Amino acid sequence: MSSVLNSKVPEGPLAEKWEKHKFSVKLVNPANKRKYDIIVVGTGLAGASAAASFGELGYNVKAFAYQDSPRRAHSIAAQGGINASKNYQNDGDSTFRLFYDTIKGGDYRSREANVYRLAEVSTNIIDQCVAQGVPFARDYGGLLDNRSFGGAQVSRTFYARGQTGQQLLLGAYGALNRQISNGKVKMYNRTEMLDVVMVNGEAKGIITRNLITGEIERHSAHAVVLATGGYGNVFFLSTNAMGCNATAAWRAHRRGAFFANPCFTQIHPTCIPVSGEHQSKLTLMSESLRNDGRVWVPKEARKGLTAKEALNIPEEERDYYLERKYPSFGNLVPRDVASRNAKDVCDEGRGVGPSGLAVFLDFADAINRDGEDLIRSKYGNLFDMYMQITGDNPYEVPMMIYPAVHYTMGGLWVDYNLQTTIPGLYAIGECNFSDHGANRLGASALMQGLADGYFVIPYTIGDYLASQPYEKVGTDHEAFDEAEKTVNDHLDKLLNINGNKTVDEFHKELGKIMWDYCGMSRTGEGLKKASGMVKELKEEFWKNVKVVGTADELNQSLEKANRVSDFIELAEVMIQDALDRAESCGGHFREESQTPEGEALRIDDEYSYVSAWEFTGNGAAKLNKEDLVFENVKLTQRSYK
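So, here's what we can say about the structure. From a predicted model like this one, the values you see are computed outputs, not experimental measurements.

## Points about the sheet that holds strand E19 (residues 622-627)
Sheet strands line up and pair through hydrogen bonds in the backbone, either parallel or antiparallel.
Line of reasoning, step 1. Taken in spatial order, the 4 strands line up as E16-E10-E18-E19 in an open sheet, and their pairing is antiparallel. Sheet topology places strand E16 (411-412) and E19 at the edges, where each strand pairs with a single neighbour.
Line of reasoning, step 2. Both strand E18 (residues 609-614) and E19 contribute to a ladder of 6 bridges, which runs antiparallel. Within E19, the residue paired with Trp-613 across the bridge is Leu-623.
Line of reasoning, step 3. Packing against the sheet, helix H16 (residues 556-580) makes contact with strand E10 (259-260), E18 and E19, and its axis sits at approximately 145° to E18.

## Considerations on the pattern of salt bridges
Line of reasoning, step 1. Within this structure, the stated rule accounts for 50 salt bridges.
Line of reasoning, step 2. When the shortest N-O distance is used, the salt bridge between Lys-472 and Asp-37 registers 2.6 Å. With a gap of 435 residues between them, Lys-472 in the loop between helix H12 (445-465) and helix H13 (478-497) and Asp-37 in strand E1 (residues 37-41) connect regions that are remote in the sequence.
Line of reasoning, step 3. Looking at Lys-472, the relative accessible area reads 32%, which means it is partly exposed.
Line of reasoning, step 4. Classification of Asp-37 as buried rests on a relative accessible area of 18%.
Line of reasoning, step 5. Here Asp-362 makes a salt bridge to Arg-318, at a shortest N to O gap of 3.3 Å. In this pair, Asp-362 is assigned in strand E14 (residues 359-362) and Arg-318 in strand E13 (residues 318-319), connecting sequence segments 44 residues apart. For the pair shown, Asp-362 and Arg-318 are each scored as buried.
Line of reasoning, step 6. Residues joined by salt bridges that share partners form a network here, namely Asp-107, Arg-109, Asp-336, Arg-340, Arg-581, Glu-583, Arg-602, Asp-604 and Arg-638.

## A short note on the pairing of strand E15 (residues 399-408)
Line of reasoning, step 1. The element E15 is extensively covered by neighbouring structure, given that 10 of its 10 residues are classed as buried.
Line of reasoning, step 2. Inspection of the sheet shows strand E11 (residues 265-271) paired to E15 by 5 bridges, in the antiparallel sense. Along E15, the bridge assignment pairs Gln-266 with Tyr-407.
Line of reasoning, step 3. Pairing analysis gives 3 bridges linking E14 to E15, with the strands arranged antiparallel. From the neighbouring strand, Val-359 faces E15, where its bridge partner is Ile-401.

## Overview of helix H3 (residues 95-105)
Line of reasoning, step 1. Buried within H3 are the following residues: Leu-98, Phe-99, Asp-101, Thr-102, Ile-103, Lys-104 and Gly-105.
Line of reasoning, step 2. One or two steps after H3, the chain reaches Asp-107, where phi turns positive at roughly 55°.

What counts and what doesn't
Residues numbered from 1 in each chain as written. Predicted model: local features only at pLDDT ≥ 70, side-chain atom pairs only at ≥ 80, totals over all residues. Heavy atoms only, no water. Pairing = 2+ DSSP bridges. Helix = DSSP H or I, 4+ residues; strand = E, 2+ residues; numbered from the N terminus. Contact = heavy atoms within 4.5 Å. Axes fitted to C-alpha atoms, helices over the stretch in contact; angles between N-to-C directions. Salt bridge = Lys/Arg side-chain N within 4 Å of Asp/Glu carboxyl O. Buried < 20%, exposed > 50% of the residue type's maximum accessible area, 1.4 Å probe, protein only.

What follows is the structure in structure tokens.
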């Protein structure tokens, strides 16, 4: 393992690592915290909670969002819930069980110490959010309610109907606003980070573009925290908001931050199917629906079967394939397993709907058992959303669902302190790789974002800041000149190409290549073909993209082109990573590596490592490895049967 990849995991028993580490890290005197400035890029759950926590501690914070308000961060779209091992249901949950489920769910490709810490602090998150007024669901007696999610046999998911992300974000937003009002956080809306400023090998600021005026701005700080989400929009069609992008993380990568496990992409099994070429994004239907909805297709192919016609299919002619294949977990298998099985039955010709690329999610049994009112109280807003988009009423006919790109487990490599390979540069939430391995369990994204922001980074950043001088680098430093020139040169290059293909045309082509060859299943031959296709697309992009307008104004064409240029480079490394990892694990399914039953087959003696890719500038990244050591769980072939 390369010496630069020191994970800084503390010694000692797993359950004692975090407490010992909090004692061993350097502290910043409370009176001295006001002398340090921290930049936080991104104000979703991870960024807003981190910025609010830093402000509460006394640091001076600059927070940046490309939206017009932190309330529009994509965290708001999370629906089903947030995990925590409080064991309120008295069904056998514990910190260790949440840790074990997460390690197993990630197919044994995550770092034990980080995952245990996540499970350990999960219980604090719920108390924090209740204190902020987050309206979690309650049972009849008024106590906090829980429901089940995929990959677990206990009920540990706290929820607020089907809008948990929105309610949690409002809680973090309220905490952030308090610090803005107190003068500890200065908020920059409609501002996009375009580069990291490096001084003597350390991150000391960022270069941004004001998206309204086009003005390029310099911001200096003692440390920079990235909380900018994932890169799922490299596939063009995904459940992410259209604005979600990888530019901040990618520009940090270009400056020396290693990018870890980029090929680990989560395909969510419960999305509204693609309806045509006109679409720019896909809509997620919460995994929580699989608590009560039963997934099925007809046993014999029936071309173009509609939801209304499904009512006439008798029970004996239906294949509830998840219940049949995985009796222990049934419809609540992890997302990668459910997605691959949906693809398999559709590939067999048993898919439903006009395209045959859909399966049914049926609530008839649950409504007959529990009554429509109870189902409405749990999922009412989700059912309404489905009805408005498709025109079908899920209280009367089955939903149709199909897998879609959702979450990215890969991201910037970070150590136990959540610091990247660049000193002074941290990554939290979905933009780091640290907790989910090769597959994220449902309801764990919100957990990780808030754990990082409220309960990890406020401790660990002090270890770096305590060794820094109080005086920060001025924005007149030559490093700011160089970084600003790099940004301006990139934007000018895009504007001066003046080709005849739109940015969206290139983005759609890139997305199709990635979905076809680096999507739900991959082959060595297909990945090599995709590598060549992306290289050709990249060459054409820089010769023929059409970007209208100028740099010194509101220019969404330029914004998109800037982001898509980064997506193309990221796609190259994703394919390179997928080619290197000739095993199957979690969301990375290499067809050459599968069990006789068609399940993912890991090769632990060859691939039990984190792939950390180093930017080289020549289109082929350099691979560094962090070996994964498992002292507390036994490496076994995953089984949900």
